[in-house]
Amino acid sequence: MRVAVAVSGRGSNLEALFARLGNGDEARIVLVLSDRPDAPALDRARERNVAALALRDWRSASEWLAALEAHSVDLLVLAGFLKLVPSEVIARYRGRIINVHPALLPAFGGKGMYGIRVHEAVLRSGAAETGCTVHLVEEEYDRGMILAQARVPVLPGDNAEALAARVLEQEHRLLPAVVLAAARAGLPVAIESART
Ligand code: GRF
């Protein structure tokens, strides 16, 4: 399966994918895209001789589609991509775009719920557990079929940074597992949720 990964920032999930997919026999990252030309994740791709593209305009469906088609992409993974993917791209690749979110959706999702804000909201709510979710991407933020979740306890004395780090560890495990399951099935499928 030929995989494209879209990122906005540091790219630790991208790194986890590179590590887990190994030599790419089952699933191979063939393209990394970013809305930010200075995203460190683009360098992580270049270091591995993987095509790295800074989108000139992330709102432009034709720019996305040209890149995805040029690299014969089967699966698009949003790994810390903070902008909305153009709806024409979602329509063309429906069922073949996945996202990782750092909470147990449908809780703590939706517009404005990203990064540290998610974990701050979890702590404010007093929830005893949180986690991460991999789901299919639809036009609305954080909607779409849930493919897998991993649960993470909220511990006494946690701050948002500590919680984010504990959740991120699970993202690094869960996202590659979903990609490999998709490669084996030929398209994204739900896999059993994991408990830490
Ligand atoms: C992750 O927490 C992901 O769930 C969220 O953004 C963060 C990206 O981290 N959507 P990284 O760029 O993969 O390190």
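Here, the structure is the one placed above.
If you're wondering where the values come from, they're calculated on a predicted model, not measured in any experiment.

Draft legend 1. Looking closely at the overall build of the protein. A tally of helices and strands in the protein yields 6 helices and 8 strands. From first element to last, N terminus to C terminus, the protein shows the α and β order β-α-β-α-β-α-β-α-β-α-β-β-α-β. For 196 residues, the compact-globule formula gives about 16 Å, and the C-alpha radius of gyration of the protein, at 16 Å, lands near that figure. Expressed as a percentage of the 196 residues in the protein, the buried residues total 49%. Within the protein, counting contacts between residues at least 6 apart in sequence, those at least 24 apart form 66% of the total. Of the roughly 9100 Å² of accessible surface on the protein, a fraction of 50% belongs to carbon and sulfur atoms. Across the protein, the mean location of the 23 positive side-chain charges is 0 Å away from that of the 23 negative side-chain charges.

Draft legend 2. Structural context of the environment of P102. Positionally, P102 belongs in the loop between β5 (97-101) and α5 (116-125). Each C-alpha atom of the pair P102 and L68 lies 26 Å from the other, and the pair is 34 residues apart in sequence. What P102 contacts, discounting residues up to four positions off in sequence, is V118, H119, T130, G131, C132, V167 and E171.

Draft legend 3. Representation of the site of the ligand in the model. Within the structure, the ligand sits among R10, G11, S12, N13, G80, V100, H101, P102, L168 and E171. G11 places a polar main-chain atom, nitrogen or oxygen, 2.9 Å from an oxygen atom of the ligand. Between an oxygen atom of the ligand and a side-chain N or O atom of E171, the distance comes to 2.6 Å. For the ligand, whose accessible area on its own is 370 Å², the fraction buried by protein is 88%. Class assignment of the residues belonging to the shell around the ligand gives a composition of 3 nonpolar, 5 polar and 2 charged.

Draft legend 4. Looking closely at the nonpolar core. One finds V5, I29, V77, I98 and V179 to be the most contacted residues of the largest nonpolar core, which totals 35 residues. At 8 residues, helix α6 (residues 160-185) tops the list of elements feeding residues into this core. Apart from residues lying up to four places away in sequence, V179 is in contact with V3, L17, L21, A27, L75, V77 and I98. Membership of the second largest hydrophobic core comes to 22 residues, among which are A4, L33, L55 and I97.

Draft legend 5. Highlighting the packing of α5 against α6. Between α5 and α6, whose axes approach to 9 Å, the crossing angle comes to 110°. Relative to α6, the element α5 lies roughly perpendicular. Classified by chirality, the crossing of α6 by α5 is right-handed. Residues I116, H119, E120, V122 and L123 of α5 lie in contact with α6, whose contacting residues are A160, E161, L163, A164 and V167. Tallied by class, residues from the contact of α5 with α6 come to 7 nonpolar, 1 polar and 2 charged.

Draft legend 6. Molecular detail of the pairing of strand β4 (residues 75-78). Residues of β4 alternate between two faces, with L75 and V77 on one and L76 and L78 on the opposite face, all of them buried. Pairing of strand β1 (residues 2-7) with β4 involves 4 bridges; the strand directions are parallel. Its bridge partner lying in β4, V5 is registered against V77. Judged from the 3 bridges that link them, β4 and β5 form a sheet pairing that is parallel. Paired with L78 across the strands is N99, a residue of β5. As a crossover connection, the stretch from β4 through helix α4 (residues 87-92) into β5 is right-handed.

Conventions and cut-offs
Residues numbered from 1 in each chain as written. Predicted model: local features only at pLDDT ≥ 70, side-chain atom pairs only at ≥ 80, totals over all residues. Heavy atoms only, no water. Helix = DSSP H or I, 4+ residues; strand = E, 2+ residues; numbered from the N terminus. Rg over C-alpha atoms; globule rule 2.2 N^0.38 Å. Buried < 20%, exposed > 50% of the residue type's maximum accessible area, 1.4 Å probe, protein only. Contact = heavy atoms within 4.5 Å. Areas by Shrake-Rupley, 256 points an atom, 1.4 Å probe, with all protein chains shown as cover. Lys, Arg positive; Asp, Glu negative; His and termini not counted. Charge placed at Lys NZ, Arg CZ, Asp CG, Glu CD. Near = heavy atom within 4 Å. Polar contact = N/O pair within 3.5 Å; in protein donor to acceptor, adjacent residues only side chain to side chain. Nonpolar A, V, L, I, M, F, W, Y, C, P; charged D, E, K, R; others polar. Core = buried A, V, L, I, M, F, W, Y, C linked by side-chain atoms within 4.5 Å. Axes fitted to C-alpha atoms, helices over the stretch in contact; angles between N-to-C directions. Parallel < 35°, antiparallel > 145°, perpendicular 65-115°, else oblique. Left-handed = near helix turned anticlockwise from the far one by under 90°. Pairing = 2+ DSSP bridges. Right-handed = clockwise from strand over helix to strand, strands pointing away.

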